[in-house]
Structures are given as C-alpha cells and as structure tokens.
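What follows is the residue order along each chain.
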Amino acid sequence: MIKYPKSLKKGDTIGLTATSSAVNLEKVDKAIDNIEKLGYNIIETESVRNPNIKCVSNTPEKRAEEFIGLWKNPEVKMIIEARGGEFLMETI
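Residues numbered from 1 in each chain as written. Predicted model: local features only at pLDDT ≥ 70, side-chain atom pairs only at ≥ 80, totals over all residues. Heavy atoms only, no water.

Draft legend 1. Seen up close, helix 2 (residues 60–72). Along its 13 residues, helix 2 runs 18 Å from first to last C-alpha, staying within 8% of the 18 Å computed at 1.5 Å per residue. The complete set of buried residues in helix 2 reads Arg 63, Ala 64, Glu 66 and Leu 70. The buried side chains of helix 2 occupy one side of the element, clustering within an arc of 160° when seen end-on. What points out from helix 2, more than 90 degrees from its buried face, is the exposed set Glu 61 and Lys 72. (Helix = DSSP H or I, 4+ residues; strand = E, 2+ residues; numbered from the N terminus. Expected span 1.5 Å × (residues − 1). Buried < 20%, exposed > 50% of the residue type's maximum accessible area, 1.4 Å probe, protein only. Arc of directions from axis to C-beta.)

Now the structure itself:
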C-alpha cells in the first residue's frame, strides 16, 4: 500500500522512532519540545530512549515492530527517524 503525504496541520501527530542507532537524549528532548511548541503531538517509540548498547537502539525485530506500529497507526501523520541509517537495513 502506498501512502502519499498530506500537509501537516496543527494538532496532527508525528511518530518518532529510532530504527538504527540510539540517540542523544538531551537533543531529542529539545527537538520534541520544539515540535510540540509548533502545535504537533509526538508519539515516541521505546527504542528512542533505549540505552546505546553496541550502537543500536534495540534488536532489529523490535525496531521493525515499532516502525510498523507507527505506520499502521491512523493517528500518525508523519514518521521521523530520531537518528540513523547505518543499522536501518537490519530491520528489513
């Protein structure tokens, strides 16, 4: 199924996930605060705040499960990767 993006509106929900590396929590908190000040809601997956163990945010299976959960959630209008790409291929 192909989803084409629509323009975001204030009050829309953005999904935040980490399908690759773990992230700097201070920077994530600041980014979330800025996004919320713009009028958007954030749904954050567990892996975003998972400790940085061997450079990845979680197991490949868990990262894929979290992304798919956001993708299927009708409330989520956009998905943002908190960081990465280096380990993203493991989730496929």
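Draft legend 2. Representation of the packing of aromatic side chains within the structure. Inspection of every chain in the model, using the stated rule, returns one aromatic pair. Relative to Trp 71, the ring of Phe 67 has its centre 6.2 Å away and its plane inclined at 25°; by these criteria the two rings are stacked. Of the two residues, Phe 67 and Trp 71 both sit in helix 2, four residues apart, roughly one turn of that helix. The exposure class assigned to Phe 67 is partly exposed, which follows from its relative accessible area of 28%. For Trp 71, a relative accessible area of 36% corresponds to the partly exposed category. (Phe/Tyr/Trp six-rings, centres within 6.5 Å; stacked < 30°, edge-to-face > 60°.)

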